[in-house]
Amino acid sequence: MSQVAVFETVKAMREAVAAWHAAGEKVALVPTMGALHEGHIALVTEAQKHARRVIVSIFVNPTQFAPHEDFKKYPRTFDSDRAQLEAVNADAIYFPAVEEMYPPGFASRVLLLGPAAVGLEDRFRPTHFEGVATVCCKLFTQSQADFAIFGEKDYQQLKVVTRMAGDLDLGIKIVPLATFREPDGLAMSSRNRYLSAEERALAPTLHRVMQALAARIRNDDPLFQAVADAQTEIITAGFELDYLEARHADTLAPVTSRADGPIRLLLAARLGATRLIDNIGV
């Protein structure tokens, strides 16, 4: 276990990265908002397969939260995060203040189309991906990393960031990693800690229903009916369903049957005060 460096400014991070690159070392970035769990640590482990040096950014990004969302109560656990990263020998933490990322007079945003405008998360959180893309664009250019590792749990986000990095020629390769799950199938999330014991016991229903839906689609059951049945099952179980949809796995466009191409099932639902998202491939 080694002590992890902490960079609070772009200047400090760039000086370290420049030295690593000068030594011929590749650099990977793992963007996070902190409150790290095993899923984040899996991203760090994946990053170490691609690069000699790994930076984990910890920044709760205000521009991706809507006014009614949980920016102020989003968990901030820096000491625990740092201990976990030291245990897996991450090289550095980028821990900027809001003023470092968005100094006075900051007036630029990344405008998005494509996978950011397909009627999934964007329908419920219309400003979210613009905030994500803006901060990721800044993180990529600030760190000058060769790779960035993203989990598939935020699948639409993964597609948005991958498209943006390619469209804007940012010179970074986006590496996806399969969703990390609890033993009962629930996708790991920093927000799971908000679930009551009763809600936590019910939450794995989402993954189970999606698995059954995927099996029906593979069996060539009529797609519309199979999705409608799964939606009903989730609502009946006590969730408030934002969406459960079958989409093209690459473009996120709507599909009408398995013949339309590789399918991804994407879901968002509320359980009490907690909003859960998940997705699986068919």
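This text gives an overview of the structure that appears in the document. (Residues numbered from 1 in each chain as written. Predicted model: local features only at pLDDT ≥ 70, side-chain atom pairs only at ≥ 80, totals over all residues. Heavy atoms only, no water.)

### A short note on the nonpolar core
Counting 43 residues, the largest nonpolar core has Trp-20, Ile-55, Tyr-94, Cys-136, Phe-140, Phe-150 and Ile-174 as its most contacted members. Among the elements that make up this core, the one with the highest residue count is helix α6 (residues 128–143) (eight residues). Setting aside chain neighbours within four positions, we find Ile-55 in contact with Met-13, Val-17, Trp-20, Val-27, Ala-28, Leu-29, Val-30, Ala-92 and Tyr-94. Leu-223, Leu-241, Leu-244 and Ile-263 belong to the second-largest nonpolar core, a separate cluster that totals 26 residues. (Core = buried A, V, L, I, M, F, W, Y, C linked by side-chain atoms within 4.5 Å. Buried < 20%, exposed > 50% of the residue type's maximum accessible area, 1.4 Å probe, protein only. Helix = DSSP H or I, 4+ residues; strand = E, 2+ residues; numbered from the N terminus. Contact = heavy atoms within 4.5 Å.)

### So, helix α3 (residues 78–87)
Because an α-helix completes one turn every 3.6 residues, residues spaced three or four positions apart along the sequence face the same direction. Here α3 has its buried residues at Phe-78, Asp-81, Leu-85 and Glu-86. Looking straight down α3, one finds that the buried residues subtend no more than 130° of arc, so they occupy a single side. Buried residues along α3 sit against β1 (5–7), α2 (38–50), β3 (53–58) and β4 (92–94). Asn-89 occupies a position one or two residues after α3 and carries a positive phi of about 60°. (Arc of directions from axis to C-beta.)

### Brief notes about the environment of Thr-179
Structurally, Thr-179 can be placed in the loop between β6 (173–177) and α8 (197–202). On the accessibility criterion, Thr-179 (18% relative accessible area) is buried. Expressed as a C-alpha distance, the spacing of Thr-179 and Ala-230, which sit 51 residues apart in the sequence, is 21 Å. Once residues lying within four places of it in the same chain are set aside, the contact partners of Thr-179 are Glu-152, Lys-153 and Ala-187. Here the side chain of Thr-179 touches Lys-153 through a polar contact of 3.2 Å, landing on its backbone nitrogen. (Polar contact = N/O pair within 3.5 Å; in protein donor to acceptor, adjacent residues only side chain to side chain.)

### Brief notes about the packing of α6 against helix α7 (residues 155–167)
Describing two packed helices takes the angle between their axes plus the distance from one axis to the other. Across the interface, α6 lies against α7 with an axial gap of 10 Å and an inter-helix angle of 50°. In terms of orientation, α6 and α7 fall into the oblique class. For the element pair α6 and α7, the recorded crossing hand is right-handed. In this structure, α6 contributes His-128, Phe-129, Val-132, Ala-133, Cys-136, Cys-137 and Phe-140 to the contact, and α7 contributes Gln-156, Gln-157, Val-160, Val-161, Met-164 and Ala-165. A class-by-class count of the residues in the contact of α6 with α7 yields ten nonpolar, three polar and no charged. (Axes fitted to C-alpha atoms, helices over the stretch in contact; angles between N-to-C directions. Parallel < 35°, antiparallel > 145°, perpendicular 65-115°, else oblique. Left-handed = near helix turned anticlockwise from the far one by under 90°. Nonpolar A, V, L, I, M, F, W, Y, C, P; charged D, E, K, R; others polar.)

### A word on the pairing of strand β7 (residues 240–248)
For β7, a buried count of seven out of nine residues is recorded, marking the element as mostly surrounded by other parts of the structure. The pairing of β7 with strand β8 (residues 263–271) spans eight bridges and is classified as antiparallel. Considered in β8, the bridge of Ala-246 is made with Leu-265. (Pairing = 2+ DSSP bridges.)

### Things to note about the packing of aromatic side chains
A full pass over the atoms with the stated rule returns seven aromatic pairs. Between Phe-59 and Tyr-102, the ring centres sit 6.2 Å apart and the planes meet at 45°, which makes this aromatic pair tilted. Note that Phe-59 is positioned in the loop between β3 and α3 and Tyr-102 in the loop between α4 (98–101) and α5 (121–124), a separation of 43 residues in sequence. Comparing Phe-59 with Tyr-102, the two get one shared label, buried. (Phe/Tyr/Trp six-rings, centres within 6.5 Å; stacked < 30°, edge-to-face > 60°.)

### A word on the pattern of salt bridges
Taken as a whole, this structure holds 22 salt bridges when the rule is applied. Between Arg-82 and Asp-79 there is a salt bridge, with the nearest N and O atoms lying 3.7 Å from each other. Of this pair, Arg-82 and Asp-79 both sit in helix α3, three residues apart, roughly one helical turn. Each of Glu-69, Glu-121, Arg-125, Asp-242, Arg-270 and Arg-275 takes part in one network of salt bridges that share partners. (Salt bridge = Lys/Arg side-chain N within 4 Å of Asp/Glu carboxyl O.)

### Structural notes on the pairing of strand β2 (residues 27–32)
The element β2 is extensively covered by neighbouring structure, given that six of its six residues are classed as buried. By the alternation rule, side chains of β2 split into Val-27, Leu-29 and Pro-31 and Ala-28, Val-30 and Thr-32, which are all buried. Taken together, β2, α2 and β3 constitute a β-α-β crossover, and its handedness is right-handed. As paired elements, β2 and strand β5 (residues 147–151) share two bridges and run parallel to each other. Looking at β5, one finds that Leu-29 is bridged to Ala-148. (Right-handed = clockwise from strand over helix to strand, strands pointing away.)

### Some remarks on the sheet that holds β7
The strands making up a sheet associate through backbone hydrogen bonding, with each pair oriented either parallel or antiparallel. Read from one edge of the open sheet, three strands run β7-β8-β9, paired in antiparallel fashion. Taken across any chain shown, the strands that pair with only one partner, and hence form the sheet edges, are β7 and β9 (274–281). Strand-to-strand, the axes of this sheet are offset by a mean angle of 10°, without reference to chain direction. Of the strands in this sheet, β7, β8 and β9 touch helix α9 (residues 205–218), which is tilted by about 30° from β9.

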